[in-house]
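Take a look at the letters that make up each chain.
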Amino acid sequence: MKSKLLLDSHVPADLASAVRALRPEVDVQHVSTWQEGAYINAADDVLPEACWQDNRALVSKDRATLPGWIALRVADGKEHGGVLLYDLERFRAHQIGALAKGIVTALDLTKGKLTNRWITLR
Amino acid sequence: MATKPISLRVDPQIKVQLQDIARRFGTSPATLGADYVTEGVRTTMHPSIEFRQTPVGRVAYVRGLRLPVWLAQETVEDCGGDAEKAAKLLRLPLLLLKAALLYAKAFPQEINAVRAAGHRPLDDLDRLVPNHSFLKV
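Rules used in this analysis
Residues numbered from 1 in each chain as written. Chains lettered and ligands numbered in written order. Predicted model: local features only at pLDDT ≥ 70, side-chain atom pairs only at ≥ 80, totals over all residues. Helix = DSSP H or I, 4+ residues; strand = E, 2+ residues; numbered from the N terminus. Buried ≥ 20, exposed ≤ 12 C-beta atoms within 10 Å, placed from the backbone. Pairing = 2+ DSSP bridges. Contact = placed C-beta atoms within 7 Å. Nonpolar A, V, L, I, M, F, W, Y, C, P; charged D, E, K, R; others polar. Axes fitted to C-alpha atoms, helices over the stretch in contact; angles between N-to-C directions. Parallel < 35°, antiparallel > 145°, perpendicular 65-115°, else oblique. Left-handed = near helix turned anticlockwise from the far one by under 90°. Domains from an automatic or database assignment.

1. Observations concerning unusual backbone geometry
Residues and elements named next belong to chain A. A positive phi angle, near 50 degrees, is found at Gln 35, a position not held by glycine. Mapped onto the fold, Gln 35 is located in the loop between strand E2 (27-30) and helix H2 (46-53). For Lys 111, which is not a glycine, the phi torsion comes out positive at approximately 55 degrees. Assignment of secondary structure puts Lys 111 in the loop between helix H4 (96-110) and strand E5 (118-121).

2. Digging into the pairing of E5(A)
All names here are of chain A. By the alternation rule, side chains of E5 split into Trp 118 and Thr 120 and Ile 119 and Leu 121, which are all buried. Where strand E4 (residues 83-86) meets E5, 4 bridges bridge the pair, whose relative direction is parallel. The residue bridging Leu 84 from the neighbouring strand is Ile 119, located in E5.

3. Things to note about the interface of chain B and chain A
Each partner contributes residues to the interface: chain B has 33 residues there, and chain A has 40 residues. Secondary structure elements with two or more residues in the side of chain B that touches chain A: helix H3 (69-78), helix H4 (83-90), helix H6 (108-118), helix H7 (124-128) and strand E3 (132-135) of chain B. Here the residues of the side of chain B that touches chain A are counted per class, giving 20 nonpolar, 7 polar and 6 charged. Where E5(A) lies against E3(B), 4 bridges are found, and the strand directions are parallel. By the bridge assignment, Trp118(A) is partnered in E3(B) with His132(B).

4. Observations regarding the sheet that holds strand E3 (residues 57-60) of chain A
The parallel open sheet is built from 6 strands, whose spatial order is E2(A)-E1(A)-E3(A)-E4(A)-E5(A)-E3(B). This sheet does not close on itself; its edge strands, each paired only once, are E2 of chain A together with E3 of chain B. Neighbouring strand axes in the sheet, compared pairwise and without regard to direction, differ in orientation by 20 degrees on average.

5. A closer look at the packing of helix H1 (residues 12-25) of chain B against helix H2 (residues 29-45) of chain B
Residue and element names in this part refer to chain B. The geometry of H1 relative to H2 is characterised by a closest axis approach of 9 Å and an angle of 100 degrees between their N-to-C directions. When the interaxial angle is binned, H1 and H2 end up roughly perpendicular. Contacts from Leu 18, Gln 19, Ile 21, Ala 22 and Phe 25 in H1 reach Pro 29, Leu 32 and Gly 33 in H2. When its residues are assigned to classes, the contact of H1 with H2 shows 6 nonpolar, 2 polar and no charged.

6. Thoughts on the packing of helix H1 (residues 14-22) of chain A against H4(A)
All names here are of chain A. Their axes nearest at 9 Å, the elements H1 and H4 cross at an angle of 55 degrees. For the element pair H1 / H4, the angle class is oblique. Classified by chirality, the crossing of H4 by H1 is right-handed. The segment H1 lies against H4, with Asp 14, Leu 15, Ala 18, Val 19 and Leu 22 engaging Ile 96, Gly 97, Leu 99, Ala 100, Lys 101, Ile 103 and Val 104.

7. Examining the domain arrangement of chain B
All names here are of chain B. Segmenting chain B into domains produces domain 1 (11-45) and domain 2 (47-117). Its C-alpha centre places domain 1 at a distance of 24 Å from the equivalent point of domain 2. On the domain 2 side, the residues contacting the 5 residues of domain 1 number 5 residues. The class makeup of the residues in the side of domain 1 that touches domain 2 is no nonpolar, 2 polar and 3 charged.

The following block contains the structure:
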């Protein structure tokens with residue numbers, strides 16, 4: 001099955017093309033353009049649901065609120081499309097190439113199966 | 001921070017709704033009402049900001065986007081203070097980003113508090129998130 005990723009708004013949009021350059025088969029979208037920008041201002045509990053419906057993992061570095069949102073979702077008996085969280089101290093905003101390689105490594109190791117998994121890249 | 005009391009009169013239905021929301025958020029109607037007034041004043045002064053309820057409390061976001069102010073500020077810092085470069089990375093209008101930075105400068109304690117949550121030890125995730133694993137890359 002084709003891996004699908006969604007980059008959250010704080011993730012550099014150019015990461016999408018960097019991942020595609022390494023793995024053209026990966027469907028990677030930025031939230032600013034995904035589904036014609038319908039989720040550009042989505043609430044934090046809405047986006048994981050949209051990702052789940054689309055079988056898409058969320059790429060984020062927000063460790064302030066995302067753990068809580070996923071925990072609440074799990075508490076409601078819901079599943080999620082997967083999370084790839086990266087360490088904001090390890091990957092600075094401009095280090096797009098290194099982050100793309102990290103994401104591809106995660107996809108290779110998991111064979112793209114990220115549903116209900118949370119992988120933290122460090 | 002020292003606070004001062006003010007007296008407000010609201011529609012009875014609003015009072016009931018405020019009490020309901022406060023109960024849901026685990027706080028008092030007075031505290032929540034004060035938060036709403038504070039946010040109303042701040043968003044009037046800084047219209048490029050909006051507040052969202054999150055698992056770590058009310059958090060300032062760049063208006064119309066899923067972008068917390070603290071992460072906008074960090075992106076600029078990652079770019080060595082170059083707001084233009086950060087705006088390009090985030091595909092954000094430069095002036096909107098600069099407006100978010102002004103808010104962060106005006107309310108550093110608020111922004112630093114959520115920022116501290118954003119820098120919590122990574123090992124905490126093992127205790128918070130089911131099916132969590134680390135990948136060293």
